[in-house]
Amino acid sequence: MSTLIMIDQSPYGTWVGREALDMAFSLAAFDQAVSILFTDTGVNWLRAFQQPNDIAQKSVAKNLSAAPIFGVEALYADAAACRRYGLTLDNMIEGVVMCESSSELLHQFAHAAFAG
């Protein structure tokens, strides 16, 4: 069975997205098929070269770089949200798959968890 974790929260200012990421890592660590979809303001997790030092936060890039190590199968980005926030594959972290239809993607998974 496969699970899609959806993150729609910005990477800083709330712990909701980080908790969803931890859930995805936990599922993957126990050999569960899991992928993550970033949508709405959540696509900002995928922005390359973040510098959150001014707000006394650590960059989420290190967390996301661990996704393949834990066994997360894919990192998806909602294309419409990326356009809204000025994100392209050129200014995002490596390995992101752009998704034009979140609803079509959702139907490919047996389970979905929404972190919002």
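Because the structure is predicted, anything quoted here is derived from the model rather than measured.

About the criteria used
Residues numbered from 1 in each chain as written. Predicted model: local features only at pLDDT ≥ 70, side-chain atom pairs only at ≥ 80, totals over all residues. Heavy atoms only, no water. Helix = DSSP H or I, 4+ residues; strand = E, 2+ residues; numbered from the N terminus. Contact = heavy atoms within 4.5 Å. Areas by Shrake-Rupley, 256 points an atom, 1.4 Å probe, with all protein chains shown as cover. Buried < 20%, exposed > 50% of the residue type's maximum accessible area, 1.4 Å probe, protein only. Pairing = 2+ DSSP bridges. Phe/Tyr/Trp six-rings, centres within 6.5 Å; stacked < 30°, edge-to-face > 60°. Expected span 1.5 Å × (residues − 1). Arc of directions from axis to C-beta.

**Remarks on the overall build of the protein chain**
So, point 1. Secondary structure assignment for the protein chain yields five helices and five strands.
So, point 2. When the helices and strands of the protein chain are read in sequence order from the N terminus, they spell out β-α-β-α-α-β-α-β-α-β.
So, point 3. Long-range contacts, defined here as pairs at least 24 residues apart, represent 74% of the contacts in the protein chain between residues at least 6 apart.
So, point 4. Element-wise, carbon and sulfur atoms account for 54% of the exposed surface of the protein chain, whose accessible area totals about 6,500 Å².

**Concerning the pairing of strand β3 (residues 75-78)**
So, point 1. Alternating positions in β3 separate into two faces, Leu75 and Ala77 on one and Tyr76 and Asp78 on the other, with burial throughout.
So, point 2. The pairing of strand β2 (residues 33-38) with β3 spans three bridges and is parallel. Along β3, the bridge assignment pairs Leu37 with Tyr76.

**Focus: the packing of aromatic side chains**
So, point 1. Evaluated as defined, the whole model comprises two aromatic pairs.
So, point 2. For the ring pair Phe25 and Phe70, a centre distance of 4.4 Å and an interplane angle of 5° mean the geometry is stacked. In this pair, Phe25 sits in helix α1 (residues 16-29) while Phe70 sits in helix α3 (residues 67-70), placing the two residues 45 residues apart along the sequence.
So, point 3. Judged by its relative accessible area of 8%, Phe25 falls in the buried class.

**Describing α1**
So, point 1. Here α1 is 14 residues long and its end C-alpha atoms lie 20 Å apart, about the 20 Å a rise of 1.5 Å per residue gives.
So, point 2. Among the residues of α1, those classed as buried are Gly17, Arg18, Ala20, Leu21, Ala24, Phe25 and Ala28. Viewed along the axis of α1, the buried residues span an arc of 160°, placing them on a single side of the element.
So, point 3. Of the surrounding elements, those touching the buried residues of α1 are β1 (2-7), β2, α2 (61-65), α3 and β5 (111-115).
So, point 4. A positive backbone phi angle near 60° is found at Asp31, which sits one or two residues after α1.

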